[in-house]
Amino acid sequence: MSICAIIHNMTQEKNKLLKFNISYSAVQGFYWTFYSVAAIYVSVYMLAKGYSNTAVGMVIAIGNISSVLCQSVLSNIADRNPKVTNLLLLKLLTGLLFAFTGAVFLIGKNCFTLTFCYTFVIIVFTTMQPFANALGFDLERSSGIHVSFGIARAAGSLLAGIQCYFVGVLVTKLGEDSIMWEGLLVVVAIFLSFVVSGMLMKSSDTDPAKADQEKALSLREFISGHKAFIILSLGVVLLFFGNAVLENFIYQIVVSIGGDASQMGAVAAVGAIMEVPAMVCFDKIIKHFSYRTLLVVASVFFLSKVVMFLFAGSLIVIYLAYLNQILGYGLIFPAMVGFIDNIMDKREAIRGQAVFTMAMTIGQVLGMIIGGRILDLLSVHALLILSTVLTAIAVLIFSLVIRKVK
């Protein structure tokens with residue numbers, strides 16, 4: 001083969017690598033941009049429409065619980081029918097997301113129908129997450145090249161941060177309804193990113209729908225063989241209880257120290273952007289530290305963040321608290337995903353990832369239900385005290401159990 005031919009092939013491979021990674025970064029980027037509508041600004045919108053903190057917590061909690069059931073049903077359908085691909089499911093779910101977001105915008109007043117539609121916005125958005133993650137593996141199988149989840153997920157945090165700040169400004173100037181019409185634009189961008197990904201896969205030789213996929217162990221089989229991991233998952237539940245409180249009730253926390261929606265948007269933006277460095281650099285970080293060490297470090301920084309929130313008397317301290325995101329939230333996802341894949345075979349790892357996701361969801365649901373009730377009956381400070389105690393217990397579990405997970 002001539003030198004010119006070698007250079008040509010190398011250039012083609014490099015272009016292919018860029019195309020697939022940019023495409024998947026767009027998928028993750030636009031998907032997580034909608035997080036502001038489905039989580040961060042739920043309180044802002046629903047409180048403005050006359051809902052209580054308890055009602056807000058219940059809507060988010062029901063949305064998250066129901067999404068777990070939906071994910072299970074859709075996964076079973078996809079397993080039994082090879083024509084039902086991750087991409088097809090994502091396109092259908094995006095259509096539903098657009099419909100329910102539009103319905104919330106058009107209804108615009110406190111009533112059962114709006115509650116129902118906003119709950120389904122959260123259900124559909126959260127249901128999409130594992131399929132959006134799996135799309136990266138589909139792109140990788142179809143192209144034969146490495147598609148970086150870390151960089152793509154970092155794009156999600158970066159765009160979500162920009163979105164949070166932008167929406168905060170819009171709410172201050174135009175009112176809470178701007179959250180929804182801006183969300184509709186994001187849904188269109190999500191759909192277009194799926195279309196581009198589909199075009200790239202069709203241009204490749206391999207059909208990801210035909211790729212062999214190993215089925216996961218049953219939950220009972222997994223629990224019997226991984227008791228230490230199940231205990232570690234309890235730590236994940238407690239860790240994400242506190243995280244859910246800080247993410248979904250950030251508006252109430254900021255208002256309690258004299259802030260408003262615009263300042264809340266800026267705070268949330270800083271928090272999201274702080275996750276980016278560790279995600280982008282994770283491949284380099286893991287060369288120097290073990291997954292076990294990084295998971296314990298991440299839990300400690302989760303605790304540091306909630307403690308700083310507890311004693312924050314000004315927005316400056318809140319901004320400083322989000323520096324903990326760099327080695328907290330920024331490490332927990334790539335470290336846990338890598339840890340599970342590193343210690344388990346493929347069939348176990350599939351179930352392990354599902355248990356990890358389930359533990360996060362349970363923590364978020366409890367955070368929403370209990371957090372909303374405490375806000376209505378007691379105060380922001382009382383909620384932060386509880387979050388601090390539970391996060392400290394989570395750190396203890398991580399520190400004692402992580403070495404025992406085989």
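Residues numbered from 1 in each chain as written. Predicted model: local features only at pLDDT ≥ 70, side-chain atom pairs only at ≥ 80, totals over all residues. Heavy atoms only, no water.

### Some thoughts on the side chain of Asn243
Selection rule: Only DSSP runs of H or I with at least four residues qualify as helices, and only runs of E with at least two residues qualify as strands; both kinds are numbered from the N terminus onward. Throughout, a contact is declared for two residues whenever any of their heavy atoms are within 4.5 Å.
Assignment of secondary structure puts Asn243 in helix α10 (residues 227-248). Residues in contact with Asn243, not counting those within four places in the same chain, are Phe302, Lys305 and Tyr329.

### Points about helix α5 (residues 86-107)
Inclusion rule: Given a helix with a known number of residues, its expected span is that number minus one, times 1.5 Å. Burial classes follow relative accessibility: with a 1.4 Å probe on protein chains only, a residue under 20% of its type's maximum area counts as buried, one over 50% as exposed, and anything between as partly exposed.
The terminal C-alpha atoms of α5, which comprises 22 residues, lie 31 Å apart, in line with the 32 Å expected from a rise of 1.5 Å per residue. All buried positions along α5 are accounted for by Asn86, Leu87, Leu89, Leu90, Leu93, Thr94, Leu97, Phe100, Thr101, Gly102, Ala103 and Val104. Considering only its buried residues, α5 is in contact with α3 (42-48), α4 (53-80), α6 (112-143) and α8 (178-202). Positive phi appears at Gly108, one or two residues downstream of α5, with a value of about 60 degrees.

### A look at a nonpolar patch on the surface
Inclusion rule: Residues enter patches when their relative accessible area tops 30% and they take part in no salt bridge; the joining distance is 9 Å for like charges and 5 Å for the nonpolar side chains Val, Leu, Ile, Met, Phe, Trp and Tyr. All accessible-area figures derive from a Shrake-Rupley calculation using a 1.4 Å probe, and residue coverage is judged against the displayed protein chains alone. By convention in these notes, a salt bridge is any Lys or Arg side-chain nitrogen within 4 Å of a carboxyl oxygen on Asp or Glu.
The grouping of Met58, Ile62, Met358, Ile362, Leu366, Ile369 and Ile370 at the surface amounts to a nonpolar patch, some 500 Å² of accessible area in total. Those elements that provide at least two residues to the nonpolar patch are α4 and α18 (346-377). Tallying contributions element by element places α18 first for the nonpolar patch, with five residues. By the element assignment, Leu366 lies in helix α18. Taking relative accessible area as the criterion, Leu366 reaches 35% and is therefore assigned partly exposed.

### Remarks on the nonpolar core
Selection rule: The set of buried Ala, Val, Leu, Ile, Met, Phe, Trp, Tyr and Cys residues whose side-chain atoms join them within 4.5 Å is what this entry labels a nonpolar core.
Judged by nonpolar contacts, the single largest core of 123 residues is most densely connected at Phe34, Tyr118 and Met336. Beyond its immediate sequence surroundings of up to four residues, Met336 is in contact with Phe229, Leu232, Val236, Leu295, Phe356 and Phe398.

### Focus: the pattern of salt bridges
Scanning the entire structure with this criterion turns up two salt bridges. Linking Glu176 and Lys49 is a salt bridge whose minimum nitrogen-to-oxygen distance equals 3.4 Å. You can see Glu176 sitting in the loop between α7 (149-174) and α8 and its partner Lys49 sitting in the loop between α3 and α4, a full 127 residues away along the chain. Of the charged contacts in the structure, one is a salt bridge between Asp177 and Lys49, with a shortest N-O distance of 3.1 Å. In this pair, Asp177 is assigned in the loop between α7 and α8 and Lys49 in the loop between α3 and α4, connecting sequence segments 128 residues apart. When salt bridges that share partners are traced, they join Lys49, Glu176 and Asp177 into one network.

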